[in-house]
Every structure is written in C-alpha cells, then in structure tokens.
Amino acid sequence: MVVDRRASGEVLGPRALNRALLARQMLLARGPLGAAEAIERLVGMQAQAPAAPYVGLWTRLRDFRPDDLVRLLVERRAVRIALMRGTVHLVTARDALSLRPLVQPVFDRDLRVNSTYARGLAGMDLGALAAHARALVEERPRTMSELRALLHARWPDRDAPSLAYAARNLLPLVQVPPRGLWGAGGLPTLTSAEAWLGRPLARRPSLGGMVRRYLGAFGPASVMDVQEWSGLTRLGVVVERLRPELHVFRDERGIELFDLADAPRPDPDTPAPPRFLPEYDNLLVSHADRSRIVANADRGRITVDAREIVGTVLVDGFAGGAWKIHRKGGRAVLAVAPFARLARGEAAALVEEGERLLVFTDGDASAREVRIAKVRRG
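Every value quoted in this text rests on a predicted model; they were computed, and no experiment measured them. (Residues numbered from 1 in each chain as written. Predicted model: local features only at pLDDT ≥ 70, side-chain atom pairs only at ≥ 80, totals over all residues. Heavy atoms only, no water.)

**Points about the side chain of S222**
Considering the arrangement of structural elements, one finds S222 in the loop between helix 10 (207–218) and helix 11 (223–230). Judged by its relative accessible area of 7%, S222 falls in the buried class. Among all residues touching S222, those that are not within four sequence positions of it are I255, E256 and L257. (Helix = DSSP H or I, 4+ residues; strand = E, 2+ residues; numbered from the N terminus. Buried < 20%, exposed > 50% of the residue type's maximum accessible area, 1.4 Å probe, protein only. Contact = heavy atoms within 4.5 Å.)

**Quick look at the packing of aromatic side chains**
Under the definition given, this model contains 10 aromatic pairs. Aromatic pair Y54 and W182: ring centres 5.0 Å apart, planes at 50 degrees, arrangement tilted. Of the two residues, Y54 sits in helix 3 (residues 52–58) while W182 sits in the loop between strand 5 (173–175) and strand 6 (189–192), which places them 128 residues apart along the sequence. Residue classification places Y54 among the buried positions, given a relative accessible area of 1%. Aromatic side chains Y214 and F218 sit 5.2 Å apart centroid to centroid with 20 degrees between the ring planes, which places their arrangement in the stacked category. Of this pair, Y214 and F218 both sit in helix 10, four residues apart, roughly one helical turn. For F218, a relative accessible area of 1% gives the class buried. Clustering of aromatic rings is evident, with ring pairs tying together Y54, W58, F64, W182 and F360. (Phe/Tyr/Trp six-rings, centres within 6.5 Å; stacked < 30°, edge-to-face > 60°.)

**What to know about the pattern of salt bridges**
Two side chains with opposite charge may pair up if their charged atoms get near one another. This model, assessed by the stated rule, comprises 27 salt bridges. For D316, the salt bridge is made with R15, and the minimal N-O distance between the two is 3.1 Å. Here the residue D316 occupies a position in the loop between strand 10 (311–315) and strand 11 (318–328), and R15 occupies one in helix 1 (residues 14–24), the gap between them amounting to 301 residues. On the accessibility criterion, R15 (30% relative accessible area) is partly exposed. We note a salt bridge from D281 to R60, for which the minimum N-O separation is 2.9 Å. Taken together, the positions of D281 in the loop between strand 9 (275–277) and strand 10 and R60 in the loop between helix 3 and helix 4 (66–74) put the pair 221 residues apart, joining distant regions of the chain. For the pair D281 and R60, one class covers both residues: buried. (Salt bridge = Lys/Arg side-chain N within 4 Å of Asp/Glu carboxyl O.)

Shown next, in the form of structure tokens:
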C-alpha cells in the first residue's frame, strides 16, 4: 500500500500510542471483566505456551482465578485453535467459529510457500486429504503423531509430516482438554472445531468487523499493523470501506493511523504500573511498528529461545525486562532481568507486583522470592 504522507489529523507519538494500547489491554488498571469477556475484548490470546493465557488474564483482570479459565475450556465455551498468523490462540467458542474462516487464507498461503512441507504436498488432492483427516479426528481426538501415522497409511508414498501439517492448515483443529488446563500436561490432542463445539463455522463472517475489533484492542493502528496482527494481506480496501466511521491520526513518520471514534486515548503522561506479561503475549507482536511498546534498541531482546522461554516486564508501559520463575525444592524464585537501570520507586513497585505474581502462580510454594538482577553501567 502506498503511504499517504499528507494524511490529516493529530500526530500521535510512541508514548501516546503506548498509553492508548495499555488502556485497551487493561494494563493501566486491571479490568472488572470475566474471563470470557476479556478474551473477546482482546480478540483472543496467544496460547502456544499452555499457561500463558492464565498469566495474561491475571495481569489484566481484578479477580481472575485459574478455575475461571479451566471452566471455560472444560465446558467448551473457550478453545485453543490456530488463528491469527497461523499461531495457536485461546478464543471463545463463537470467536473460533467466526475468526477461523477469516484467517483461512493465511493457512492456504502457508501450504503453498512453506519451505519444509510444500514440496511434499505437490500434486496432492488436498480436498481428499482434508476429508480423510476430518473423518479421523472426528472419530476421536488424535495427537499429531497419530494423525501422521494414519494419513501415511492412506498415502504411503507421501511424506508423513507434510500430510499432518496440511491437515492442520486445511481444517479448523482445536486442542481438547486436558491440554491448556491449569497445572495439566500432555501432548496436544486434536479434533475439529465443528465436532467439538457442535456448530458449523460462520458462513459470512465480516472482515470489517474483525478490523474494528482489532482497533478496539490494539489501535490506533495502520493498515500494515492490522496485517501484521492477522497475517492477512490486502486489507487496505477493507480499511478504506471503514474510513468514514473511523478517526484518522498520523504517527511521527506521517503514516495514517485509524481508530474507533469512542476508543480510549489517555494522556501520554498517564502513570503506567509495572506488569508481567507471559511469553508470546500479543501485546508485543501485533503491530508492524512496535515502537509503541518496545524500544528499537530492545527489540532483539524480545525473543523466545527454545531453551529459555521467558516473559516480558513492562516498566513505565514499555518492555523493560525479562522474567522467569525458577522452582526447586518447594521454593519459587521470580528472576527479573531489567534492560536498563531501574529508579528506586520502579524497583520497589516491580518487586511488589512480582510478589503478587508468585502468589498467583506458586501459592503453595514453601518460600517465594523476587530477585531483580543488577544492570551494569554501560
């Protein structure tokens, strides 16, 4: 899309965009919502790590308890399903049925260009593959290992991992409990959303409605931001249809930012308390320009290494460090590694919030401690 450098409207700097984002994400003040309402307000939550949504809800809601989310999953009012950007999200049942058809082009494109699996699917009758895989997972939930073996038995000349990957992309597969339950383990076990929820996918879901919801949770935002969050392309035409009802701003580079008319945009100097975000939190990965939440100098630190999965600490509203809980001998130690030296008040507030996090995650530990690493003068 060609950027219109003449875009009219107020200029919003990173700090103004930061406070608008935090307000919508319930990170300036914890919200009074229930878990299902919060999940829908956020348009889903990243859920590759099973415990991440629990911490993400705790850090945003006043009275959240793990059983609140466990109940939603067990009662099939919330599910874990691959959606935006092709990644696993926790969403309500109705959002699973409406969002998956909207983002299906992300999965179709991946099957065409994926460097690992596309070659093994060349010339494949994907319709036949999808139908057979659906029958298998609807007979009973299957692990990916089981699905690979069963699909390979039907097509022995094909690459088994490619067959299972294609099934995952072609079908709206949900991960059934106990996967995703607080304190539970086990491999992901899959069935179709339709079989699990007893309802079909939405027939005519609205891309415009999805964009509005994105703006309500992550705006003000550019067309490129919406595309980064969703994984979809060519959304400029959708935003143009919505333009008459949206407020239009500019960022400091002159790029148009769109927003809902009644969305909160707090004063940039609004205080922002420290917050602990779980690994993969959508707050950190849902904009093409992430300067509203991560300083450019710190972007390389917001990564996930398979050997060291960590969460992110917000300090004055911006990514300001990493955190991880170490457990041994009944003790739980929350280790915090700031990206820069903390002011005395910031350190004390971070310890206080960290102690609350440990009560939530490790309330039965024999001892709990928050340790903040010292930052060397550079």
